[in-house]
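Next come the chains, spelled out residue by residue.
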Amino acid sequence: MAGGVYVLMLLVLLATVGRLSVPRRERTPLRTWTLRDGYYNVRRGLAVLGAHGPSYPALQEAARPVAQRSR
């Protein structure tokens, strides 16, 4: 039960961030949202937060050529 509430709150947070990332005049009103609107707002929220969040250092290290890695 607690896990479901956590997932629901996370989805609401991501949908809110996604909705706020759209200019005000282009936003769909909350009362007219469908599941599709919610899905795309969650995806947009993930993209916004993923672009600004810290990355995983081990992946950056693995992506660099061997000659450029620090020793």
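Read on for a plain summary of the structure.

So, how was this worked out
Residues numbered from 1 in each chain as written. Predicted model: local features only at pLDDT ≥ 70, side-chain atom pairs only at ≥ 80, totals over all residues. Heavy atoms only, no water. Axes fitted to C-alpha atoms, helices over the stretch in contact; angles between N-to-C directions. Helix = DSSP H or I, 4+ residues; strand = E, 2+ residues; numbered from the N terminus. Parallel < 35°, antiparallel > 145°, perpendicular 65-115°, else oblique. Contact = heavy atoms within 4.5 Å. Nonpolar A, V, L, I, M, F, W, Y, C, P; charged D, E, K, R; others polar. Expected span 1.5 Å × (residues − 1). Buried < 20%, exposed > 50% of the residue type's maximum accessible area, 1.4 Å probe, protein only. Arc of directions from axis to C-beta.

## A few points about the packing of helix α1 (residues 2-20) against helix α2 (residues 35-52)
Consideration 1: Two numbers describe how α1 lies on α2: the axes approach to 7 Å, and their chain directions differ by 80°. With respect to each other, α1 and α2 are oriented roughly perpendicular. Contacts from Leu11, Leu14, Ala15, Val17, Gly18 and Arg19 of α1 reach α2 at Asn41, Val42, Arg44, Gly45, Leu46, Val48 and Leu49.
Consideration 2: Classifying every residue of the contact of α1 with α2 gives 8 nonpolar, 3 polar and 2 charged.

## Topic: α2
Consideration 1: With 18 residues, α2 should cover 26 Å at 1.5 Å per step; its first-to-last C-alpha distance of 26 Å lies within 8% of that length.
Consideration 2: Those residues of α2 lying buried are Gly38, Asn41, Val42 and Gly45. When α2 is viewed along its axis, its buried side chains cluster within an angular range of 105° and face the same direction. Exposed residues pointing more than 90 degrees away from the buried face of α2 are listed as Arg36, Ala47, Gly50 and Ala51.
Consideration 3: Packed against the buried residues of α2 are α1.

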